[in-house]
Amino acid sequence: KVTDVSSPDELLDGWDLRHKAFHTAIASGCNSPHLLQMRNTLFDQVERYRHLWLQETVMSPQALDIKRQEHAALVDVILARNTEQAADLMRDHLMTPVPIITRVLQARGID
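Conventions we followed
Residues numbered from 1 in each chain as written. Predicted model: local features only at pLDDT ≥ 70, side-chain atom pairs only at ≥ 80, totals over all residues. Heavy atoms only, no water. Helix = DSSP H or I, 4+ residues; strand = E, 2+ residues; numbered from the N terminus. Expected span 1.5 Å × (residues − 1). Buried < 20%, exposed > 50% of the residue type's maximum accessible area, 1.4 Å probe, protein only. Contact = heavy atoms within 4.5 Å. Salt bridge = Lys/Arg side-chain N within 4 Å of Asp/Glu carboxyl O. Patch = residues over 30% accessible without salt bridge, like charges linked within 9 Å, V, L, I, M, F, W, Y side chains within 5 Å. Areas by Shrake-Rupley, 256 points an atom, 1.4 Å probe, with all protein chains shown as cover. Axes fitted to C-alpha atoms, helices over the stretch in contact; angles between N-to-C directions. Parallel < 35°, antiparallel > 145°, perpendicular 65-115°, else oblique. Left-handed = near helix turned anticlockwise from the far one by under 90°. Nonpolar A, V, L, I, M, F, W, Y, C, P; charged D, E, K, R; others polar.

What follows concerns helix α1 (residues 8–27). For α1, spanning 20 residues, the distance from its first C-alpha to its last is 28 Å, which sits close to the expected 28 Å at 1.5 Å a residue. For α1, the complete set of buried residues consists of L11, L12, G14, W15, D16, H19, F22, H23 and A27. Those residues of α1 hidden inside the fold are in contact with α2 (33–45), α3 (47–57), α4 (61–79) and α5 (83–95).

Here is the structure:
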């Protein structure tokens, strides 16, 4: 659905909303209002960095396909209740933007 949009900004906003909803749905299974509130706060605080990553990657059909595959793998291991593999996949998934964000910041002269 994210690819059926007319502008890069619409694509960026659409991806970000759906991505947040996906991860919120996963986290909501913890049944801890305090943890969910903390997660929402952290998610909001890293928005500027997430947008740097999104601007660099999400405009690419290849990047969208990779993220689709990562999300499908996460869903599979979560539904299989394989907590160890789910934790590993989630950690890897959440850390993939870090090198890209670092590169963008360095290119802008921000270390």
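In the structure shown here, the tally under the stated rule is 5 salt bridges. With a closest N to O distance of 2.9 Å, D16 and R50 form a salt bridge. Residue D16 is located in helix α1, and its partner R50 is located in helix α3; the two are separated by 34 residues in the primary sequence. The class for R50 is buried, based on a relative accessible area of 9%. With a shortest N-O distance of 4.0 Å, D65 and R68 are connected by a salt bridge. Pair noted here: D65 and R68 are both in helix α4, with a separation of 3 residues, about one helical turn. Overall, D65 belongs to the partly exposed group, its relative accessible area being 35%.

Here the focus is a nonpolar patch on the surface. On the surface, L35, M38 and L42 cluster together into a nonpolar patch covering about 280 Å² of accessible area. Within the fold, M38 resides in helix α2.

Okay, the packing of α1 against α4 next. Contact geometry of α1 with α4 gives a least axis separation of 12 Å together with a crossing angle of 15°. Taken as axis vectors, α1 and α4 run roughly parallel relative to one another. Taken as a pair, α1 and α4 cross one another with a handedness that is left-handed. Contact with α1, carried on its side by W15, H19, F22, H23 and I26, involves L64, K67, H71, L74, V75 and I78 of α4 and no other residues of that element. For the contact of α1 with α4, the class distribution of residues is 7 nonpolar, 3 polar and 1 charged.

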